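What the coordinates show
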Amino acid sequence: MPYLTPPEDLASLLPGEPPFRIRQLRAWLYRTPVLHAADMTNLPKELRAGIEPRLWPFAVEEEQTADRGQTVKWLFRAGDGASIETVLMGYPSRTTLCISSQAGCALACTFCATGQFGFERHLGAGEITAQVAYAKAWLDALGLPGCSNRLSNAVFMGMGEPLANYEPVREAIRRLIEEMGMSARSITVSTVGVVPGMLRLAEEPWPLTLALSLHAADDDLRSRLVPLNRRYPIDDLVAAAAAYRRKKGRRVSLEWALIKDINDTPEQARGLAAIAQELRAHVNVIPLNASPLSQFRAPSQDAAHAFAARIRAAGANVTLRRNRGGDIDAACGQLRARRHTAHQELAPDTAQCSAAGNLPNVPGNEP
Ligand code: SAH
């Protein structure tokens, strides 16, 4: 499994091969990844044949496209059965990949499908990096209609809490930058507010973009939406985000999944605008990707516009994001959720997961 071996240790997979062969393989894995080892044209045929069956550390269980082919979503399956969701979103001038850092998630945010299903396991650095390499290879081979075919951005907004899986996420980021040549600024780590992780990230050598999933401007409401808020309340998050900004000189983004009659009120808008101004942060408002099974609803378009307008009027920077992939199984957590639901229907006496439909959205890095 070449992606599960650190790039510096590839020689251990090919004993007896000269150093230039190892360098060639390393380039095929990271600089110019290909979907099939057969396309590693400068390697001997037998070597390619040996690599082919174990090139990717997961099988492609499903591939879906949406938005006139400009969004592609994969459900990958690791050898042990763990599910990994990855979503590619193309735009005319850039292409963003939404990657998973864990199979499942332990943090149980009440509006998030991944959170409702609980935690499967952490992903390794190689499994995280391979999501990016796969998408890059796929873009190269197939491309997205009307979109840039250069994978320019990666956002840790798929399944899982990246700062709860710190070391593998850090190592994956290092490989994206040093092996794949991505720019640190184009990599966004999105966190629900793991304060020690945020402070650690501020000490790393890279100017990564940090996104904080805020969703509520007071601790009462936030603790209802995000249980982790009881451990790290809003004041601590704001202090950690401010420390990141000071240290890195990078503007932090605030993510806000807008939920009808919950966090779309004028009071919440006022509170959010005040926090955004204090941090000089950019606010991304993302209408909830709701499901019929969930108690939470998406706001109307008018209500979403009105909410964003309030933030703007208060002097803060805001973008109202549109949902991607709504006509497939939307985004992260949902493909896995549907598989789970089907399974539950077959085994009704284990059907605990009635929150199945809380379908998280993939907020891209673009409006
Ligand atoms: N754990 C990290 C990253 C994964 S979630 C975090 O919380 O930031 C990525 C983003 O999707 C977060 O901002 C999250 O709040 C948001 N999200 C989750 N479920 C959603 C839903 N149903 N609708 C809209 N956004 C959702």
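Up top is the structure these notes are about.
What counts, and where the lines are drawn
- Residues numbered from 1 in each chain as written.
- Predicted model: local features only at pLDDT ≥ 70, side-chain atom pairs only at ≥ 80, totals over all residues.
- Heavy atoms only, no water.
- Pairing = 2+ DSSP bridges.
- Helix = DSSP H or I, 4+ residues; strand = E, 2+ residues; numbered from the N terminus.
- Axes fitted to C-alpha atoms, helices over the stretch in contact; angles between N-to-C directions.
- Core = buried A, V, L, I, M, F, W, Y, C linked by side-chain atoms within 4.5 Å.
- Buried < 20%, exposed > 50% of the residue type's maximum accessible area, 1.4 Å probe, protein only.
- Contact = heavy atoms within 4.5 Å.
- Right-handed = clockwise from strand over helix to strand, strands pointing away.
- Phe/Tyr/Trp six-rings, centres within 6.5 Å; stacked < 30°, edge-to-face > 60°.
- 1 Å grid on protein atoms, 1.4 Å probe; cavity = no way out; pocket = protein on both sides within 12 Å on 5 of 7 lines; lining within 4 Å.
- Points joined across faces, edges and corners; volume = space filled by probe spheres on them.
- Nonpolar A, V, L, I, M, F, W, Y, C, P; charged D, E, K, R; others polar.
- Salt bridge = Lys/Arg side-chain N within 4 Å of Asp/Glu carboxyl O.
- Expected span 1.5 Å × (residues − 1).
- Arc of directions from axis to C-beta.

1. Re the sheet that holds strand β2 (residues 71-78)
What the ten strands build is an open sheet, ordered β1-β2-β3-β4-β7-β8-β9-β10-β11-β12; its pairing is mixed. Strands at the two margins of the open sheet, each flanked by one partner only, are β1 (58-66) and β12 (317-320). Across the sheet, the mean angle separating the axes of adjacent strands is 20° when strand polarity is ignored. Relative to strand β8 (residues 187-191), strand β7 (residues 151-156) runs parallel, the two sharing three bridges.

2. Considerations on the nonpolar core
If you look at the biggest cluster of nonpolar residues, it comprises 105 residues, and the most contacted ones within it are M40, L88, L208 and L254. With nine residues, the single largest contributor to this core is helix α4 (residues 125-141). Excluding anything up to four places from it in sequence, M40 contacts L25, W28, L29, V34, R48, I51 and L55. In terms of nonpolar packing, the next biggest core, distinct from the first, is built from seven residues, M89, C98, M157 and A211 among them.

3. Concerning the pairing of strand β11 (residues 282-287)
Of all six residues that make up β11, six are buried, and the element is covered over most of its length. Burial of β11 is two-sided: the residues H282, N284 and I286 facing one way and the residues V283, V285 and P287 facing the other way are all buried. Taking the sense of rotation as the criterion, the β-α-β connection linking strand β10 (residues 253-258), helix α9 (residues 266-279) and β11 turns out right-handed. Pairing of β11 with β12 involves four bridges; the strand directions are parallel. Residue V283 lies in a different strand from β12, and its bridge partner there is V318.

4. Regarding unusual backbone geometry
Despite not being glycine, R68 has its phi angle at roughly 55°, a positive value. Relative to the helices and strands, R68 is located in the loop between β1 and β2. Unlike most non-glycine residues, D261 shows phi in positive territory, near 60°. Tracing the backbone through its elements, the reader meets D261 in the loop between β10 and α9. The class of D261 is exposed, set by a relative accessible area of 60%.

5. Section: the packing of aromatic side chains
The tally for this structure, following the rule as stated, stands at eleven aromatic pairs. For the ring pair W56 and F58, a centre distance of 6.3 Å and an interplane angle of 15° mean the geometry is stacked. Accessibility classification places W56 together with F58 in one group, the buried group. Between F58 and Y134 the ring centres are 6.3 Å apart and the planes differ by 70°, which places this aromatic pair in the edge-to-face class. Taken as a pair, F58 in strand β1 and Y134 in helix α4 lie far apart in primary sequence, 76 residues in all. Of the two residues, F58 and Y134, both sit in the buried class.

6. Brief notes about empty space enclosed by the protein
Gaps between atoms show up when a probe of the same size as a water molecule is rolled over them. For the structure on display, the rule yields two cavities of 30 Å³ or more. Reported here for the second largest cavity is a volume of approximately 30 Å³. Taken together, the residues of the lining of the second largest cavity sort by class into five nonpolar, no polar and one charged.

7. Thoughts on the pattern of salt bridges
One pass over the full model with this rule turns up 14 salt bridges. Put simply, R174 and E8 hold a salt bridge, and the shortest N to O gap is 2.8 Å. Separated by 166 residues along the polypeptide, R174 in helix α5 (residues 166-178) and E8 in the segment before α1 (19-31) bring together distant segments of the chain. Overall, the relative accessible area of 13% leaves R174 in the buried class. Put simply, R174 and E178 hold a salt bridge, and the shortest N to O gap is 2.7 Å.

8. Concerning the environment of A49
Mapped onto the elements, A49 comes out in helix α2 (residues 45-51). Overall, A49 belongs to the exposed group, its relative accessible area being 53%. Put simply, A49 and A38 are eleven residues apart on the chain and 7.0 Å apart in space, counted from C-alpha to C-alpha.

9. Observations regarding α9
Taking 1.5 Å per residue, 14 residues should reach 20 Å; α9 reaches 20 Å between its end C-alpha atoms and fits that length. Three or more residues of α9 are buried, namely Q268, A269, L272, A273, I275, A276 and L279. The buried residues of α9 occupy an angular sector of 165° when projected down its axis, which confines them to one face. For α9, the exposed residues set more than 90 degrees away from the buried face come down to R270 and E278.

10. What about the side chain of Q64?
Tracing the chain through its elements places Q64 in strand β1. With a relative accessible area of 14%, Q64 lands in the buried category.

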